[in-house]
Amino acid sequence: MKQPIIFDTDPGVDDAQAIAIALRHPELDLLGLTTTYGNVDVEVATRNALLLAQLAGRDDVPVAQGAAAPLVKTRYPPPAHIHGANGLGDIPLPEVKGKANPRTAAQFIVDTVNAHPGQVALVAVGPLGNLAAALQLDPTLTERVKQVVIMGGSIREGGNVTPVAEANMFNDPHAARRVLTAGWPLTLVGLDVTHRCVLTPAHMARIESGQGELGRVLAGSYAFYRDFYQEFLGIDGCCPHDSCALAWLLRPDLFTTARGHLTVVTEDDAEGQTLFAPEGRAFIDSRWSRTPAVDVCLGVDGETVSDWIADVLS
Ligand code: BDR
Ligand code: CA
């Protein structure tokens, strides 16, 4: 049986790669894309989600628009130097024909999960406002979601937008804290593993030739993103952060995880930092171990995950 998923996203170059997997993988049943601000404004995220579904011949997939800003903090400008002002490397894009679903992302999540109790995996790869809003609308959602997979955070790796914070956590730490501590079956796929995966130009050449018009958009936006990685991390290729969340869902055998308690710092210099207290470990007091236990990814066979992404899309 196919795994039903909702993919919550801020496309974004690496989001686009992951959306392509969600649209194409034969073992996934993509029930909808929900969008958030993050890499781009939310209207741009929605346009890109609609476009990617259209190019994949999947304009049957609903796209529901969500959060335009963080719950509490003031928003930073979108990182146009990483993803391009249009979120897809500033390449020229075809016209979008479809329209967003009339429901908000949060309402779409609540309705869809409740229509398929115990079956849906929520995969979120942007700031977590939509999941936080869905929990606000229906706090009992935690009992009916099969699995939550979050691309975000960093346990040992350090941050990518601050010395300690990963971008999705930093962009809305208050939402992240609610979602990570809600008490549902959750796995965090953070920089500890996504920084071990590199999608090389050779991988992308295979994807480009395997995906028709969608492949051209993925390859064009990848070229822009690759320049950023070359300059800032000195690697030839890019980290396919968001695809790693789907890799964990479908190939958990390629990851090692630890179980424990997570929380997110919401204020001051460490805002957005994910704090992890391994299960059973006693610290000086119990304050770090009071949140419900979740799983965090700490290790990965990065080469095989990167090959898996290219295999799925070629
Ligand atoms: C995460 O931040 C975004 O820029 C990427 O799309 C990914 O979801 C990596 O830190
Ligand atoms: Ca993302």
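On a predicted model such as this, the values are computed, not experimentally measured, just so you know.

Draft legend 1. Highlighting the site of ligand 1. Taken together, D14, D15, N39, H83, V125, M151, N160, E166, A167, N168, H241 and D242 make up the full set of residues near ligand 1. For ligand 1, an oxygen atom lies 3.0 Å from a polar atom in the side chain of N168. Here an oxygen atom of ligand 1 sits 2.6 Å away from a polar atom, N or O, in the side chain of D242. When isolated, ligand 1 has an accessible area of 280 Å², and the protein chains bury 94% of it. Mapped by element, the contributors of at least two residues to the shell around ligand 1 are helix 1 (13-24), helix 6 (167-171) and helix 11 (241-250).

Draft legend 2. Region of interest: a nonpolar patch on the surface. There is a patch of nonpolar side chains on the surface, built from F283, I284 and W288 and spanning about 330 Å² of accessible area. Relative to the elements of secondary structure, F283 occurs in the loop between strand 8 (274-278) and strand 9 (293-300).

Draft legend 3. Representation of the packing of helix 1 against helix 11 in the model. Between helix 1 and helix 11, the least distance of the axes is 6 Å, while the angle of their chain directions is 30°. When the axis of helix 1 is compared with that of helix 11, the two are roughly parallel. When helix 1 is examined against helix 11, the residues D14, D15, Q17, A18, I21 and A22 are found in contact with a partner set consisting of H241, D242, S243 and L246. For the contact of helix 1 with helix 11, a count of residues per class yields four nonpolar, three polar and three charged.

Draft legend 4. Local environment of the packing of aromatic side chains. In this structure the tally under the stated criterion is four aromatic pairs. Summarising the aromatic geometry, the rings of F228 and Y229 are spaced 5.3 Å apart at their centres and angled 85° between planes, so their arrangement reads as edge-to-face. We classify Y229 as buried; its relative accessible area is 5%. Note on F228 and F232: the rings are 4.8 Å apart at their centroids and 35° apart in plane angle, and the pair reads as tilted. Of this pair, F228 and F232 both sit in helix 10 (residues 212-232), four residues apart, which is roughly one turn of that helix. Through successive ring pairs, a cluster of aromatic residues spans Y225, F228, Y229 and F232. K73 extends its terminal NZ or CZ atom over the ring of F170, reaching a point 3.5 Å from the ring centre.

Draft legend 5. Representation of the pattern of salt bridges in the model. Tallying each qualifying case throughout the model produces eleven salt bridges. A salt bridge links R144 to D138, with the shortest nitrogen-to-oxygen separation between them at 3.1 Å. Of the charged contacts, one joins D253 and R251 as a salt bridge, the two residues approaching to 2.7 Å between their closest N and O atoms. Given the relative accessible area of 28%, R251 is considered partly exposed.

Draft legend 6. Representation of the coordination of the calcium ion (ligand 2). Around the calcium ion (ligand 2), the protein contributes the donor atoms D10 (OD), D15 (OD), D15 (OD), V125 (O) and D242 (OD), at 2.3 to 2.7 Å from the metal centre. For the calcium ion (ligand 2), the donor residues sit on a single chain with the sequence spacing D-x4-D-x109-V-x116-D. With D15 in helix 1 and D242 in helix 11, the pair connects residues that are 227 residues apart, well separated along the chain. Each member of the pair, D15 together with D242, is buried.

Draft legend 7. The arrangement of the nonpolar core in detail. One finds I5, F7, V123, L246 and L249 to be the most contacted residues of the largest nonpolar core, which totals 63 residues. For L246, the contacting residues outside a window of four places in its chain are I5, F7, A18, I21, A22, L28, V123 and W308.

Draft legend 8. Geometry of the environment of L233. In this structure, L233 sits in the loop between helix 10 and helix 11. When its relative accessible area of 45% is taken as the criterion, L233 is described as partly exposed. With 38 residues separating them in the primary sequence, L233 and H195 have C-alpha atoms 9.8 Å apart. If we ignore the near neighbours within four places in the chain, the residues touching L233 are H195, F228 and C239.

Definitions and limits used
- Residues numbered from 1 in each chain as written.
- Chains lettered and ligands numbered in written order.
- Predicted model: local features only at pLDDT ≥ 70, side-chain atom pairs only at ≥ 80, totals over all residues.
- Heavy atoms only, no water.
- Near = heavy atom within 4 Å.
- Polar contact = N/O pair within 3.5 Å; in protein donor to acceptor, adjacent residues only side chain to side chain.
- Areas by Shrake-Rupley, 256 points an atom, 1.4 Å probe, with all protein chains shown as cover.
- Helix = DSSP H or I, 4+ residues; strand = E, 2+ residues; numbered from the N terminus.
- Patch = residues over 30% accessible without salt bridge, like charges linked within 9 Å, V, L, I, M, F, W, Y side chains within 5 Å.
- Salt bridge = Lys/Arg side-chain N within 4 Å of Asp/Glu carboxyl O.
- Axes fitted to C-alpha atoms, helices over the stretch in contact; angles between N-to-C directions.
- Parallel < 35°, antiparallel > 145°, perpendicular 65-115°, else oblique.
- Contact = heavy atoms within 4.5 Å.
- Nonpolar A, V, L, I, M, F, W, Y, C, P; charged D, E, K, R; others polar.
- Phe/Tyr/Trp six-rings, centres within 6.5 Å; stacked < 30°, edge-to-face > 60°.
- Buried < 20%, exposed > 50% of the residue type's maximum accessible area, 1.4 Å probe, protein only.
- Lys NZ or Arg CZ within 6 Å of the ring centre and 35° of its normal.
- Donors = N, O, S within 2.8 Å, 3.2 Å for Na, K, Ca; no water.
- Core = buried A, V, L, I, M, F, W, Y, C linked by side-chain atoms within 4.5 Å.

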